[in-house]
Amino acid sequence: MSRPIGGRQVSATAPGKDEADGRWVTRYPVWSMAIGALSVSGSAVLLDLARTSPGTASFYRCALALPALLALAAAERRRVGAFPRHRYGLAVSAGALFAGDMLMWTQAIGEVGAGLSTVLVNVQVVMVPLLARAVDREPVPRRFLWWLPVLLVGVVCTGGVLEQGGTVGADPLRGTVHAVLAAVCYSGFLYLLRRGGHTGQVRQVYTAVVASAAVVSLAAGLLWYGFDPAPGWRALGWLLAVAACSQVVGWLLVATASPRLASHVGAVLLLLTPVGAVVLGAVVLGERPTPLQLAGCGLILVSAYAMGRGGTSDDGQGGSRRRR
């Protein structure tokens with residue numbers, strides 16, 4: 001059972017494991033989730049600078065993160081013990097879905113354009129709460145349903161779909177299919193990642209997820225999406241930056257915070273990733289967001305704030321180019 005104390009969320013379930021994950025992260029899950037989402041958004045710009053194939057980027061962003069994650073997982077194992085073997089299946093499945101999301105979303109950008117691919121893949125804001133409702137019987141509050149249209153309008157505006165040229169691409173039909181499949185993989189990954197952290201030992205679970213994603217990305221890259229074993233030092237440098245800001249910092253914060261938030265709150269806070277990508281694109285790449293995109297970012301920020309207020313899970317189990 002979790003209870004709010006002084007504006008913080010304190011879990012009464014497995015307190016030792018909570019402490020092992022970091023007191024600040026577990027006591028302030030909304031802020032942790034927001035920081036994690038913004039850290040993930042940095043990978044959008046960095047992947048653009050790396051300029052590698054989907055298979056190469058997906059493999060190296062995971063493989064380069066593993067040394068740091070293995071060290072964190074080993075330290076956690078010494079403190080709280082190894083996580084049960086029967087949970088490896090969940091971690092491997094989450095990793096496979098994560099790889100599918102990364103590969104197909106990156107492929108969809110060239111086929112249907114960054115804007116529409118961003119909109120389609122971020123339907124996770126609907127799919128993740130529905131999964132939690134169907135499988136875990138987690139209630140979906142009315143406040144979320146009221147804000148959902150505002151969120152969706154914000155995502156559409158931020159993605160630039162309503163702008164001239166917002167849906168250009170080499171193959172719109174294939175791109176739409178890839179983006180929809182990426183959305184399914186992304187939603188499944190988020191659901192399993194959140195569920196895997198309910199019993200603690202988050203770092204070990206997440207490390208297994210990333211290792212699984214690396215293996216699946218390598219196999220898919222060799223077979224379909226392209227893989228370059230030696231992309232060059234410049235590309236490796238950018239991919240190392242992706243691994244650090246996204247895999248080691250961003251997604252680990254998400255993995256730690258999401259089990260302590262209601263599913264709809266975590267899904268909404270992850271929409272901060274396209275907002276962060278728009279801002280970083282303007283600062284680093286010199287992109288100029290349109291007024292409509294800025295309005296969309298504003299709608300997402302207002303909605304995230306509304307959802308984040310009092311959005312921690314009551315039972316402790318509650319739970320792009322433009323995206324990441």
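Residues numbered from 1 in each chain as written. Predicted model: local features only at pLDDT ≥ 70, side-chain atom pairs only at ≥ 80, totals over all residues. Heavy atoms only, no water.

*Asks:* Summarise helix α6 (residues 88-112); cite the residues concerned and give the values.
*Replies:* With 25 residues, α6 extends 35 Å from end C-alpha to end C-alpha; this agrees with the ideal 36 Å at 1.5 Å per step. One or two positions beyond α6, positive phi appears at Gly113, with a value near 100°. (Helix = DSSP H or I, 4+ residues; strand = E, 2+ residues; numbered from the N terminus. Expected span 1.5 Å × (residues − 1).)

*Asks:* I'd like a rundown of the packing of aromatic side chains, residues and numbers included.
*Replies:* The relative placement of two aromatic rings is captured by the distance of their centres and the angle of their planes. Under the counting rule described, the total for this entry stands at eight aromatic pairs. On the numbers, 4.3 Å between centres and 10° between planes, the contact of Phe98 with Phe189 is stacked. Residue Phe98 is found in helix α6, and its partner Phe189 is found in helix α10 (residues 172-196); the two are separated by 91 residues along the sequence. In this structure Phe98 comes out as buried when scored by relative accessible area, which is 0%. Geometrically, the ring pair formed by Tyr186 and Trp251 is edge-to-face, given 6.2 Å between the ring centres and 80° between the ring planes. Remark: Trp251 occurs in helix α12 (residues 233-257) and Tyr186 occurs in helix α10; sequence separation between them is 65 residues. Across this residue pair, the class does not change: Tyr186 and Trp251 are buried. (Phe/Tyr/Trp six-rings, centres within 6.5 Å; stacked < 30°, edge-to-face > 60°. Buried < 20%, exposed > 50% of the residue type's maximum accessible area, 1.4 Å probe, protein only.)

*Asks:* How would you sum up the packing of α6 against helix α11 (residues 202-225)? Please name residues and give values.
*Replies:* Interhelical geometry of α6 versus α11 gives an angle of 45° and a closest axis separation of 7 Å. Relative to α11, the element α6 is oriented oblique. In the crossing of α6 with α11, the sense of the turn from one axis to the other is right-handed. Seen from α6, the contacting residues are Tyr88, Ala91, Val92, Ala94, Gly95, Ala96, Phe98, Ala99, Met102, Leu103, Met104 and Gln107; seen from α11, they are Val205, Ala208, Val209, Ser212, Ala213, Val216, Ser217, Ala220 and Tyr225. (Axes fitted to C-alpha atoms, helices over the stretch in contact; angles between N-to-C directions. Parallel < 35°, antiparallel > 145°, perpendicular 65-115°, else oblique. Left-handed = near helix turned anticlockwise from the far one by under 90°. Contact = heavy atoms within 4.5 Å.)

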